[in-house]
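# Coordinate inspection notes
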Amino acid sequence: MEAPANGTLILSAVAALLYLALVRQPSSFRRTFAKTASTALLGVLVLVEGGPLLLAAALFLSALGDLFLAEDSGRAFVAGLCSFLVAHLVYVALFGMAGGGLAAFAAEPWRVAAAAMVVVFAGGMFLGLRPALPGGMVVPVAIYVVAILAMGIAALTLPSPAVIVGAVLFMASDAILASGRFLIPMRSERQAVVAPAVWVLYYTAQACIALGFLLHR
């Protein structure tokens, strides 16, 4: 990649590391800015490199979700969930257009096995969350799980291993985030690792997807 693109990627990584250092701190402008900028800069990177507009759109929608989730409130959580839901749907469209479709599964049986594992993982995640979900969150979470399941399966039709890894890490990040919010007691010692784990997996996922598309052209 050219110097402007490399500089944008470095700034994104620096912002991500800054947020990781602040991830357990109370909400603040610096914390929110670092979280939002890290993903938004990946979107800028895609535009600088002339990558797919749908990829840039998914990254900017994810950055909007980051902005909402940086705030500790129920309404912000729902807004973040909606932003990421749309981002996942954009990823599904992007992966579907760039991938090999059903022919990819017929050509390489390992993709079928991987898709089955993705289905089992997503189904198990929802069934595990279901008893702990407030009544009003059951349907939104179910829709979200279906969307990320579709993203994971669509990613398996692509030739880029980095994008597939990114989709899997994205699913793992969402699973840990949901467990931290609905299953793990807020005063549990395990909460200390939830936010850092979610962020490392999430940012790595977005970077893998973005770079996978940009470098596999």
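Please read these numbers as outputs of a predicted model, since none were measured by experiment.

Leu55, Tyr91, Phe95, Phe170, Ile209 and Phe213 are the most contacted members of the largest nonpolar core, which totals 58 residues. Of all the secondary structure elements, the ones that give two or more residues to this core are helix H1 (3-22), helix H2 (29-48), helix H3 (53-69), helix H4 (74-98), helix H6 (109-129), helix H7 (138-155), helix H8 (161-182) and helix H9 (191-215). Setting aside residues up to four positions removed in sequence, Phe95 forms contacts with Met151, Ala154, Ala155, Thr157, Leu158, Val163, Ile209 and Phe213.

What follows is about the side chain of Ser62. With respect to the element layout, Ser62 can be found in helix H3. Note on Ser62: relative accessible area 0%, which makes it buried. Residues in contact with Ser62, not counting those within four places in the same chain, are Thr39, Phe84, Ala87, Tyr202 and Gln206.

What follows is about the packing of H6 against H8. At a minimum axis distance of 10 Å, the contact between H6 and H8 shows a crossing angle of 10°. For the element pair H6 / H8, the angle class is roughly parallel. Only Ile164, Met171, Ala172, Asp174, Ala175, Ala178, Ser179 and Phe182 of H8 make contact with H6, whose side of the interface consists of Trp110, Arg111, Val118, Phe121, Ala122, Met125 and Leu129. Grouping the constituent residues of the contact of H6 with H8 by class yields 12 nonpolar, one polar and two charged.

The next subject is the packing of H1 against H2. The description of two packed helices rests on the angle between their axes and on the distance between the axes. Close contact between H1 and H2 brings their axes to 8 Å; oriented N to C, the two are set at 160°. Here H1 lies roughly antiparallel to H2, going by the angle between them. As for how H1 packs across H2, the hand of that crossing is left-handed. For the pair H1 and H2, contact is made by Pro4, Ala5, Thr8, Leu9, Leu11, Ser12, Ala15, Ala16, Leu18, Tyr19 and Leu22 and by Arg30, Arg31, Ala34, Lys35, Ala37, Ser38, Leu41, Leu42, Val44, Leu45 and Val48, respectively. Each residue belonging to the contact of H1 with H2 can be placed in one class, and the counts come to 16 nonpolar, three polar and three charged.

Turning our eyes to something else, we now look at the pattern of salt bridges. Working definition: two side chains of opposite charge can pair if their charged atoms are close together. Throughout the structure, instances matching the rule amount to one salt bridge. For Glu108, the salt bridge identified is with Arg111, shortest N-O distance 2.8 Å. Judged by its relative accessible area of 6%, Arg111 falls in the buried class.

Checked against the element boundaries, Leu22 lands in helix H1. Looking at Leu22, the relative accessible area reads 11%, which means it is buried. Between the C-alpha atom of Leu22 and that of Ile148, which follows or precedes it by 126 residues, the distance is 27 Å. Apart from the residues within four sequence positions on either side, Leu22 is in contact with Arg30 and Arg31.

What follows deals with a nonpolar patch on the surface. Taken together, the side chains of Val44, Leu47, Val48, Leu53 and Phe60 present a nonpolar region at the surface, about 430 Å² in accessible area. Taken together, the elements giving at least two residues each to the nonpolar patch come down to H2 and H3. At three residues, H2 tops the list of elements feeding residues into the nonpolar patch. Overall, Leu47 belongs to the partly exposed group, its relative accessible area being 45%.

So, about the packing of aromatic side chains. A full pass over the atoms with the stated rule returns 11 aromatic pairs. Judged by centre distance (6.5 Å) and plane angle (75°), the rings of Tyr91 and Phe170 are edge-to-face. Here Tyr91, found in helix H4, pairs with Phe170, found in helix H8; they are 79 residues apart in sequence, far enough to count as distant. With respect to class, Tyr91 is no different from Phe170; both count as buried. In textbook terms, an aromatic cluster arises when at least three aromatic residues are bridged by ring pairs, as seen for Tyr19, Phe84, Tyr91, Phe95, Phe170, Trp199, Tyr202, Tyr203 and Phe213. One Lys or Arg, Arg181, reaches over the ring of Phe77 and ends 4.0 Å from the middle of that ring.

Positionally, Ser179 belongs in helix H8. A residue is classified by how much of its surface remains accessible, and Ser179, at 23% relative accessible area, is partly exposed. Sequence separation between Ser179 and Val194 is 15 residues, and the spatial gap between their C-alpha atoms is 8.5 Å. Ignoring any residue separated from it by four or fewer positions in sequence, one finds Ser179 in contact with Leu129 and Ile184.

What counts, and where the lines are drawn
What you see as residue numbers is a count from 1 along each chain, following the sequence as written. Local features are withheld for residues below a pLDDT of 70 in this predicted model, meaning they are given only at 70 or higher, and side-chain atom pairs are given and counted only at 80 or more; totals for whole chains, interfaces and linings count all residues. Note that the side-chain values use all heavy atoms of the structure and ignore hydrogens as well as water. What is meant by a nonpolar core is a set of buried Ala, Val, Leu, Ile, Met, Phe, Trp, Tyr and Cys residues, joined one to another through side-chain atoms within 4.5 Å. Burial classification: accessible surface area is computed with a 1.4 Å probe over protein chains only, and a residue below 20% of its type maximum counts as buried, one above 50% as exposed, and the rest as partly exposed. In this description a helix means any DSSP run of H or I spanning at least four residues, a strand means any run of E spanning at least two, and both kinds are numbered starting from the N terminus. Between two residues, a contact is recorded if the distance between any of their heavy atoms is within 4.5 Å. Simply put, an axis is a line fit to the C-alpha atoms, just over the touching stretch for a helix, and the angle between two N-to-C directions goes from 0 to 180 degrees. Reported orientations rely on four angle classes, namely roughly parallel under 35 degrees, roughly antiparallel over 145, roughly perpendicular from 65 to 115, and oblique for the rest. Amino acids outside the nonpolar list (Ala, Val, Leu, Ile, Met, Phe, Trp, Tyr, Cys, Pro) and the charged list (Asp, Glu, Lys, Arg) are all regarded as polar, and Gly is one of them. The sense of a crossing depends on the near helix, which, turned anticlockwise from the far helix by less than a right angle, makes the crossing left-handed and, turned clockwise, makes it right-handed. Counted as salt bridges are all cases of a side-chain nitrogen of Lys or Arg within 4 Å of a carboxyl oxygen of Asp or Glu. Here a patch means residues that are over 30% exposed by relative accessible area and free of salt bridges, tied together within 9 Å if like-charged and within 5 Å if nonpolar (Val, Leu, Ile, Met, Phe, Trp, Tyr). Using a 1.4 Å probe, accessible areas were evaluated by the Shrake-Rupley method; residue-level cover was limited to the displayed protein chains. A pair of Phe, Tyr and Trp rings is counted when the ring centres sit within 6.5 Å of each other, with Trp represented by its six-membered ring. The angle between the planes then sorts it: under 30 degrees is stacked, over 60 is edge-to-face, the rest tilted. Note on geometry: a ring has a charge over it if NZ (lysine) or CZ (arginine) is within 6 Å of the ring centre and within 35 degrees of the ring normal.

Shape descriptors only; they carry no functional weight alone.
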